[in-house]
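As a plain string of letters, each chain reads:
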Amino acid sequence: MILDDDLNFAWREMPNPVRKSDEVLIKVQAAAVNRADLMQKDGCYASPEGWPQWCGLEAAGEVIEAPEDSGFCPGDKVCALLGGGGYSERVTAPSGMVIPIPKGLSMVEAASLPEVWSTVYLNLQLEAGGMSPGDVFYMQAGASGVGLAAIQFAKQMGAEVITTIDSPEKAKFVRDLGADYVLDYRTEDVRPVIEAHPPSVALDCIGGKLMGECFRHMVFGGRWIMIATMGGSESLIDLETVWRKRIRLIGSTLRSRTPEEKSAILKALQQKLWPLFTARKLITNIHAVFPIKEVEEAHGVLRRAENIGKVVLTFQ
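Residues numbered from 1 in each chain as written. Predicted model: local features only at pLDDT ≥ 70, side-chain atom pairs only at ≥ 80, totals over all residues. Heavy atoms only, no water.

With that settled, consider the overall build of the protein chain. Scanning the protein chain from N- to C-terminus turns up 10 helices and 15 strands. Based on the C-alpha atoms only, the size of the protein chain along its principal axes is roughly 55 × 40 × 35 Å. When the 316 residues of the protein chain are sorted by exposure, 55% land in the buried category. In the protein chain, the share of contacts with a sequence separation of at least 24, taken over all contacts with a separation of at least 6, comes to 68%. With an accessible surface of roughly 14300 Å², the protein chain has 51% of that area assigned to carbon and sulfur atoms. Within the protein chain, the 40 negative side-chain charges are centred at a point lying 4 Å from the centre of the 33 positive side-chain charges. (Helix = DSSP H or I, 4+ residues; strand = E, 2+ residues; numbered from the N terminus. Buried < 20%, exposed > 50% of the residue type's maximum accessible area, 1.4 Å probe, protein only. Contact = heavy atoms within 4.5 Å. Areas by Shrake-Rupley, 256 points an atom, 1.4 Å probe, with all protein chains shown as cover. Lys, Arg positive; Asp, Glu negative; His and termini not counted. Charge placed at Lys NZ, Arg CZ, Asp CG, Glu CD.)

Written as structure tokens, this is what we have:
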């Protein structure tokens, strides 16, 4: 599934990927859709150098070939974090960016894990310096794939969670996950809640004017992590707040990280979080599943912000 010169999807026969000595070749059974895919389709977020220049940041399937020292054998069920190219029947990835599927999870569920959970672990554990009981965590777009993952991670760490959504159905779902303060941004103002419960950690994919207004209520030593600017790239911040409160404003992306950095994150996920998925103490919610040739419809679900959790494409 490639992008043609007019940035439209086209299902075409492409040469089979050639596996490098340190890579795993995977037969893809499912690939998840991410907002980065929408940006790539719109022509503003290309794959990093060396990766296929079409969409797909995470996939699940069976190993076809693998290095002898990788620990993988043909037929192993795995999921992978990719720099691009997941919307295809076969992909290659460095062996460190491939990990076994959590026991008890389906291929569709597994395909939805690597990108969002790597994003959450990177930012809430590494960039934020870890979370602990007593932290107050602020996450907009709480019903998105990243939002649902971040809420669960924060609750596992003992934090109090403030989040925003845009429908009663989404509100109920995130409350059931444990979110403490859930606000419909269309009808409710989050600022009084932020003022009453100052965040110590924020994971922001929205930005815009509201970001600066909430930023000033961070606690001393707070960490505000920007991963996207869906609500606009400009905001007014009182810089005196930054130095007086020693607040850290951190810009972060996963896709531009090195394979070594991504491998370390995935290893941590497998060791620390995969057992929680097997025990169903963590979940991934699959909002909808589409065959790959209905990718436009799948993207439409995300563009209209209809999803609670992940949208996944399958290859039959």
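With that out of the way, let us pick up the nonpolar core. Ranked by internal contacts, the top residues of the largest apolar core, which has 89 residues, are Tyr 87, Trp 117, Leu 124 and Phe 137. For this core, the element with the most residues is helix α9 (residues 259–278), which contributes eight residues. Once residues within four sequence positions are removed from consideration, Trp 117 is found in contact with Ala 149, Gln 152, Phe 153, Leu 269, Leu 273, Phe 277, Leu 282 and Ile 283. Among the nonpolar cores identified, the runner-up in size contains 15 residues, and Tyr 138, Val 193, Phe 215 and Met 226 belong to it. (Core = buried A, V, L, I, M, F, W, Y, C linked by side-chain atoms within 4.5 Å.)

On to empty space enclosed by the protein, then. Applying the stated rule across the entire model yields one cavity of 30 Å³ or more. The set of elements that each furnish at least two residues to the lining of the largest cavity consists of α3 (114–127), α4 (145–156) and α5 (168–177). Within the lining of the largest cavity, the residues separate by chemical class into seven nonpolar, seven polar and one charged. (1 Å grid on protein atoms, 1.4 Å probe; cavity = no way out; pocket = protein on both sides within 12 Å on 5 of 7 lines; lining within 4 Å. Points joined across faces, edges and corners; volume = space filled by probe spheres on them. Nonpolar A, V, L, I, M, F, W, Y, C, P; charged D, E, K, R; others polar.)

All right, on to the environment of Glu 296 then. Topologically, Glu 296 is positioned in helix α10 (residues 295–303). It is 29 Å that separates the C-alpha atoms of Glu 296 and Pro 100, two residues lying 196 residues apart in sequence. Excluding residues within four positions of it along the chain, Glu 296 makes contact with Phe 9 and Lys 41.

To continue, consider the pairing of strand β5 (residues 77–81). In regular strands, side chains alternate between the two faces of the sheet. In terms of burial, β5 is a largely internal element, four of the five residues being buried. Both β5 and strand β7 (residues 98–100) contribute to a ladder of three bridges, which runs antiparallel. Residue pairing across strands places Val 78 opposite Pro 100, the latter belonging to β7. (Pairing = 2+ DSSP bridges.)

Below, the discussion takes up the packing of α4 against α5. At a minimum axis separation of 9 Å, α4 and α5 run at an interaxial angle of 25°. Taken together, α4 and α5 sit at an angle that is classed as roughly parallel. Crossing handedness for the pair α4 and α5: right-handed. Packed against α4, whose contacting residues are Leu 148, Ile 151, Gln 152 and Lys 155, the element α5 presents Phe 173, Val 174 and Leu 177 at the interface. Grouping the amino acids of the contact of α4 with α5 by side-chain chemistry returns five nonpolar, one polar and one charged. (Axes fitted to C-alpha atoms, helices over the stretch in contact; angles between N-to-C directions. Parallel < 35°, antiparallel > 145°, perpendicular 65-115°, else oblique. Left-handed = near helix turned anticlockwise from the far one by under 90°.)

It is worth spelling out the packing of α3 against α9 at this point. Closest axis-to-axis distance for the α3/α9 pair is 10 Å, and the angle between their directions is 105°. Taken as axis vectors, α3 and α9 run roughly perpendicular relative to one another. The residues of α9 that touch α3, namely those facing Trp 117, Ser 118, Tyr 121, Leu 122 and Leu 126, are Ile 265, Leu 266, Ala 268, Leu 269, Lys 272, Leu 273 and Phe 277. Here the residues of the contact of α3 with α9 are counted per class, giving 10 nonpolar, one polar and one charged.

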